[in-house]
Amino acid sequence: MNIGFIAHDAKKKLMQNFCIAYRGILSRHDLYATGTTGRLIEEVTNLTVHKYLAGHLGGEQQMGSQIEHNEMDMIIFLRDPHTPKSHEPDVNNVVRLCDIHNIPLATNLATAEMLIKAMDNGDLDWRELYR
C-alpha cells in the first residue's frame, strides 16, 4: 500500500516516534512524505521514503495530486491545530481530497495507530480493489 506522511513542525518528533514504533509494518509498504518529514523518518528508521518538496514549498500539493489520482491508500497527517499556517489552504485541501476520494486519513496519533493496526490486520485491503 502507498502511505503518505505529513507532519507540522510541532509534530515531527511525534511522527518519528510513530514510525519507529511501527517500522516493521511500514517496511512492507511504499512510503511518501513531504520533504523534511520524509528525511526525518528516514534518519530514525532507515526506511526508504519518497520525498516531495517541503510542505510549505508545495509538498502538500504534490501529495494532494497523488490523492486526486487515487495513488495513495492512507494518509497520516499529524497537524498542529494550535499554530496557524500561512499555507492553510493546502493543509485543508489534503483533508478535503481524502474525503472526496475515500482515502483513510489520520490527523492525530490515536487515529494513526488505529489505521496502521487495521492495515496490518488486512482491514484496508479493500483499497486494492478501489484503485
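Now for a description of the structure that goes with this document. (Residues numbered from 1 in each chain as written. Predicted model: local features only at pLDDT ≥ 70, side-chain atom pairs only at ≥ 80, totals over all residues. Heavy atoms only, no water.)

**Quick notes on the overall build of the protein**
So, point 1. Within the protein one finds 7 helices and 5 strands.
So, point 2. In sequence order, the secondary structure elements of the protein are arranged as β-α-α-β-α-β-α-β-α-β-α-α.
So, point 3. Since a compact globule built from 131 residues should have a radius of gyration of about 14 Å, the 13 Å found for the protein is in line with a globular shape.
So, point 4. By its C-alpha atoms, the protein is 40 × 30 × 25 Å across when sized along the principal axes.
So, point 5. Residues counted as buried form 49% of the 131 residues belonging to the protein.
So, point 6. Within the protein, contacts between residues at least 6 apart in sequence are counted, and of these 67% link residues at least 24 apart.
So, point 7. In the form shown here, the protein has an accessible surface area of approximately 6,600 Å², with 49% of it arising from carbon and sulfur atoms.
So, point 8. Taking the 13 positively charged and 17 negatively charged side chains of the protein as two groups, their mean positions are separated by 5 Å. (Helix = DSSP H or I, 4+ residues; strand = E, 2+ residues; numbered from the N terminus. Rg over C-alpha atoms; globule rule 2.2 N^0.38 Å. Buried < 20%, exposed > 50% of the residue type's maximum accessible area, 1.4 Å probe, protein only. Contact = heavy atoms within 4.5 Å. Areas by Shrake-Rupley, 256 points an atom, 1.4 Å probe, with all protein chains shown as cover. Lys, Arg positive; Asp, Glu negative; His and termini not counted. Charge placed at Lys NZ, Arg CZ, Asp CG, Glu CD.)

**A closer look at the sheet that holds strand 1 (residues 2–7)**
So, point 1. With respect to topology, 5 strands assemble into an open sheet ordered 3-2-1-4-5, the strand pairing being parallel. Whereas interior strands pair on both sides, the edge strands pair on one side only; in this sheet they are strand 3 (49–51) and strand 5 (105–106).
So, point 2. Pairing analysis gives 5 bridges linking strand 1 to strand 4 (residues 74–78), with the strands arranged parallel. Looking across to strand 4, one finds that Phe5 is bridged to Ile76.
So, point 3. Across the sheet, helix 1 (residues 12–21) is in contact with strand 1 and strand 4; its angle to strand 1 comes to roughly 150°. (Pairing = 2+ DSSP bridges. Axes fitted to C-alpha atoms, helices over the stretch in contact; angles between N-to-C directions.)

**Quick word on helix 1**
Note that an α-helix has 3.6 residues per turn; residues three or four places apart therefore point the same way.
So, point 1. For helix 1, the set of buried residues is Lys12, Met15, Gln16, Phe18 and Cys19. Mapping the buried residues of helix 1 onto a view down its axis gives an arc of 160°, with all of them on the same face. Residues of helix 1 that are exposed and angled more than 90 degrees away from the buried face: Lys13 and Ala21. (Arc of directions from axis to C-beta.)

**Some details on the nonpolar core**
So, point 1. Phe5, Met15, Phe18, Leu26 and Ile76 are the most contacted members of the largest nonpolar core, which has 24 residues in total.
So, point 2. Elements that contribute at least two residues to this core include exactly strand 1, helix 1, helix 2 (23–26), strand 2 (30–33), strand 4 and helix 6 (109–120).
So, point 3. No other element matches the 4 residues that helix 6 contributes to this core.
So, point 4. Contacts of Leu26, omitting those with residues within four sequence positions, involve Ile3, Phe5, Cys19, Leu31, Leu47 and Ile116.
So, point 5. Counting 12 residues, the second largest nonpolar core, distinct from the first, contains Ile6, Val94, Cys98 and Ile103. (Core = buried A, V, L, I, M, F, W, Y, C linked by side-chain atoms within 4.5 Å.)

**Digging into the side chain of Thr34**
So, point 1. Looking at the secondary structure, you find Thr34 in the loop between strand 2 and helix 3 (35–45).
So, point 2. What Thr34 contacts, discounting residues up to four positions off in sequence, is Phe5, Ile6, Tyr52, Leu53, Gly55, Gly59, Glu60 and Met63.

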